[in-house]
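# Topology and contacts: notes
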Protein chains: 2
Amino acid sequence: MTKRLSDKVEDYLKSIYHLSKGEGRVSTGQIAEDMDVSPASVTDMVQRLAAENPPLLDYRKHQGVALTGDGKKAALEIIRHHRLLELFLHEVLGFSWDQVHEEAERLEHVISEEFEERVAAVLGNPQRGLHGEPIPSRTLEMPDPDCCHLQELRTNQRGRIQEVNDDDPGFLRYLAAQGLIPGVEFEVIGYSMYDDNLRIQIGDGKEELVLGASVTSQIQVKVLE
Amino acid sequence: MTKRLSDKVEDYLKSIYHLSKGEGRVSTGQIAEDMDVSPASVTDMVQRLAAENPPLLDYRKHQGVALTGDGKKAALEIIRHHRLLELFLHEVLGFSWDQVHEEAERLEHVISEEFEERVAAVLGNPQRGLHGEPIPSRTLEMPDPDCCHLQELRTNQRGRIQEVNDDDPGFLRYLAAQGLIPGVEFEVIGYSMYDDNLRIQIGDGKEELVLGASVTSQIQVKVLE
DNA sequence: ACAAAGATTTAGATAAGTCTAAAATATAAT
DNA sequence: ATTATATTTTAGACTTATCTAAATCTTTGT
Ligand SMILES: [Mn+2]
Ligand SMILES: [Mn+2]
Ligand SMILES: [Mn+2]
Ligand SMILES: [Mn+2]
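Residues numbered from 1 in each chain as written. Chains lettered and ligands numbered in written order. Predicted model: local features only at pLDDT ≥ 70, side-chain atom pairs only at ≥ 80, totals over all residues. Heavy atoms only, no water.

### Re the overall build of chain A
Along its length, chain A carries 8 helices and 8 strands. For 225 residues, the compact-globule estimate of 2.2 N^0.38 gives 17 Å, and the C-alpha radius of gyration of chain A, at 19 Å, lies within 12% of that figure. C-alpha extents for chain A along the principal axes are approximately 60 × 45 × 30 Å. Put simply, chain A has 225 residues, and 44% of those count as buried. A sequence separation of at least 24 residues applies to 61% of the contacts in chain A between residues at least 6 apart. (Helix = DSSP H or I, 4+ residues; strand = E, 2+ residues; numbered from the N terminus. Rg over C-alpha atoms; globule rule 2.2 N^0.38 Å. Buried < 20%, exposed > 50% of the residue type's maximum accessible area, 1.4 Å probe, protein only. Contact = heavy atoms within 4.5 Å.)

### Notes on the sheet that holds strand 5 (residues 185-192) of chain A
All names here are of chain A. Judged by pairing direction, the sheet is antiparallel, and its 6 strands sit side by side in the order 3-8-4-5-6-7 without closing on themselves. For this open sheet the edge positions go to strand 3 (148-149) and strand 7 (208-211), each flanked by a neighbour on one side alone. For strand 3 and strand 8 (residues 219-224), the ladder comprises 2 bridges, and the chain directions are antiparallel. Its bridge partner lying in strand 8, Cys-148 is registered against Val-221. (Pairing = 2+ DSSP bridges.)

### Topic: the coordination of the manganese ion (ligand 3)
Residue and element names in this part refer to chain B. Looking at the manganese ion (ligand 3), one finds its protein donor set to be His-82 (NE2), Glu-86 (OE), His-101 (ND1) and Asp-166 (OD), positioned 2.0 to 2.1 Å from the metal centre. One chain supplies every donor to the manganese ion (ligand 3), and in sequence these donors are spaced H-x3-E-x14-H-x64-D. Of the two residues, Glu-86 sits in helix 4 (residues 69-91) while Asp-166 sits in the loop between strand 4 (158-164) and helix 7 (169-178), which places them 80 residues apart along the sequence. Residue Glu-86 shares its accessibility class with Asp-166, and that shared class is buried. (Donors = N, O, S within 2.8 Å, 3.2 Å for Na, K, Ca; no water.)

### A word on the pattern of salt bridges
Residue and element names in this part refer to chain A. Evaluated as defined, the whole model comprises 34 salt bridges over all chains. Here Arg-173 and Asp-98 are joined by a salt bridge, their closest N and O atoms 2.7 Å apart. Of this pair, Arg-173 sits in helix 7 (residues 169-178) while Asp-98 sits in the loop between helix 4 (69-91) and helix 5 (100-107); the two residues are 75 residues apart in sequence, bridging distant segments of the chain. Judged by its relative accessible area of 47%, Arg-173 is partly exposed. Where Glu-185 meets Arg-158, a salt bridge forms, and the shortest distance between an N and an O atom there is 3.8 Å. (Salt bridge = Lys/Arg side-chain N within 4 Å of Asp/Glu carboxyl O.)

### Details of the nonpolar core
Core analysis: the biggest nonpolar cluster contains 76 residues, and Phe-115, Leu-180 and Ile-219 of chain A together with Phe-115, Leu-180 and Ile-219 of chain B have the highest contact counts within it. When residues no more than four places from it in sequence are discounted, the contact partners of Phe-115 of chain B are Leu-89, Leu-93, Phe-95, Glu-103 and Leu-107 of chain A together with Leu-85 of chain B. Of all hydrophobic cores here, the second largest spans 22 residues; its members include Val-26, Ala-32, Val-46 and Val-65 of chain A. (Core = buried A, V, L, I, M, F, W, Y, C linked by side-chain atoms within 4.5 Å.)

### Digging into the environment of Ala-32 of chain A
Residue and element names in this part refer to chain A. As for its placement among the helices and strands, Ala-32 is situated in helix 2 (residues 28-35). Each C-alpha atom, one on Ala-32 and one on Tyr-12, is 9.6 Å from the other, the two residues being 20 residues apart in sequence. Once residues within four sequence positions are removed from consideration, Ala-32 is found in contact with Val-37, Ser-38, Pro-39 and Val-42.

### Comments concerning the interface of chain A and chain B
With 18 residues of chain A in contact, the opposing surface of chain B contributes 18 residues. Together, the buried faces of chain A and chain B total about 1,600 Å²; carbon and sulfur atoms form 65% of this surface. When the buried surface of chain A facing chain B is broken down by residue, Leu-93, Val-110 and Arg-118 of chain A rank first, second and third, together holding 35% of it. There are 0 salt bridges connecting chain A and chain B. Summed over the shared surface of chain A and chain B, the number is 8 residue pairs in polar contact (both at pLDDT 80 or more). Sorting the residues of the side of chain A that touches chain B by element identifies helix 4, helix 5 and helix 6 (113-122) of chain A as the ones contributing at least two each. Looking at the side of chain A that touches chain B element by element, the count peaks at 5 residues for helix 6 of chain A. Looking at the side of chain A that touches chain B residue by residue, the classes come out as 11 nonpolar, 3 polar and 4 charged. (Buried area = accessible area lost by both parts, 1.4 Å probe. Polar contact = N/O pair within 3.5 Å; in protein donor to acceptor, adjacent residues only side chain to side chain. Nonpolar A, V, L, I, M, F, W, Y, C, P; charged D, E, K, R; others polar.)

### Structural notes on the domain arrangement of chain A
Residues and elements named next belong to chain A. Looking at the assigned domains, one finds that chain A contains domain 1 (1-143) and domain 2 (148-224). The C-alpha centroid of domain 2 is placed 27 Å from the C-alpha centroid of domain 1. Listed as interface residues are 11 residues of domain 1 and, on the opposing side, 14 residues of domain 2. At the boundary of domain 1 with domain 2, total buried surface from both sides reaches about 940 Å², with 56% on carbon and sulfur atoms. For the domain 1 face of the interface with domain 2, the top three residues by lost area are Trp-97, Asp-98 and His-131, together amounting to 59%. In this assembly, domain 1 and domain 2 are joined by 1 salt bridge. Across the contact surface, domain 1 and domain 2 share 5 residue pairs in polar contact (both at pLDDT 80 or more). Residue composition of the side of domain 1 that touches domain 2, grouped by class: 2 nonpolar, 4 polar and 5 charged. (Domains from an automatic or database assignment.)

### Here we look at the relation of the copies chain A and chain B
The two copies are related by a screw motion: chain A maps onto chain B through a turn of 180° and a shift of 0.0 Å along the axis, at an RMSD of 0.1 Å. The superposition operator between the copies reduces to a two-fold rotation axis. Among all C-alpha atoms of chain A, that of Leu-107 of chain A lies closest to the rotation axis, at 3.5 Å. When the interface residues of chain A are mapped onto chain B, 100% of them again lie at the interface, so the same face is used by both copies. (Least-squares fit on C-alpha atoms with pLDDT ≥ 70 in both.)

### Side note on the coordination of the manganese ion (ligand 4)
Residues and elements named next belong to chain B. Those protein atoms acting as donors to the manganese ion (ligand 4) are Asp-11 (OD), Glu-105 (O), Glu-105 (OE), Glu-108 (OE) and His-109 (NE2), and they sit at 2.1 to 2.4 Å. In primary sequence terms, the donor set of the manganese ion (ligand 4) follows D-x93-E-x2-E-H. With Asp-11 in helix 1 (residues 7-20) and Glu-105 in helix 5 (residues 100-107), the pair connects residues that are 94 residues apart, well separated along the chain. Note on Glu-105: relative accessible area 23%, which makes it partly exposed.

Laid out in structure tokens, this is it:
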């Protein structure tokens, strides 16, 4: 009989989960930035969530917050909804991969466990989302990331695109146009230390791309070999 | 650029639409009863909706409210969402006909026009919902009801079930168990004027049912011949 | 070690939606 | 036509979520 959380609370928990990757502390300022609200609003909200029964956050003045077990569970529930919904919107309703995020952002808060189960079943209990994100299991276990940011790779390293940032439709269309989609393999063939540009070659074709840090920081890859 | 209405506002407009059947005035008391909130809350809300720009309601003190053109359009938009969603939940996700209403009640407020269009397309642009209700068109025209309550029929009249009240799961399971579903034809073979019980025979089998007023008032039928 | 800068928290306001209790109005009954 | 009853509206309060401006910590640079 865990009391139903509001949409806003769910979005706060999700934001904190993403910023902390499930562990560690996050500052109120980071949350304010990510959620596009004032720092004062965040302080107020996190104090309320820390005072909940059971508490959803561990809050200490001037030292940010960490998710409690309950807070993390609530966040993972919504993240599971979000990622299943994105896949469903694409596979069943034909939404394009840059349109699904916004729609899922609203739907994630209102679907029942029944809906979640049925969608998962229709999709064959997938473990990865439309943009390559791992989907928490029914029991809310989140698989390890087993990948790092493309940004961190250097010349001669090979990798496979694992996951891309999905909250900017324009960026997603750009990625698709360049062939930078989850599953694609590549080799780093150059690095410029002054601007952090990375030159990569996709597949075994001669297709080359030069990507800036603001692109490579939004792509997660698995290093090969 | 019509400002986005809140879920609550949409539910008020929908309630007023149903109570007034799109025309005429409705008292604040009726709305309070239907929405399960206090009369004071209703008065407050209808005054706000009447003060909107453009106004969604016509309100006169102590004389109830009527939907304006804009209010009616907003109500029909949500009713279209609701009925398309119920059908979708049943046809695509396998929800039973007594489960869909509750889920649709929440989803109706958050789906985009894009979602609405795609669902309608997947379903083949249906004109009737899962419980027989007419579905407003894309342009928000509501087809005429062309039917009346089963309650009003008398001995020897034949009819076809057109539409049933869908907000009580138990009632829907009861109807399904009795074979009282939209499309089924029957003949009234008896009427008891003291308790308003109706005796009906379904199809041409010898299956007979006796139905009280609280059942017959929740079923809409088309009179045959 | 201390002042300046930066981040966070408090204080005070506002808007939406709800409630209960009291006041006002309308309807029905004598 | 008055009085009694029922309905509706107002008044005052509360909750959630947000803001701006002011106060208070923390961190950093010298
Ligand atoms: Mn997303
Ligand atoms: Mn969201
Ligand atoms: Mn319904
Ligand atoms: Mn609703």
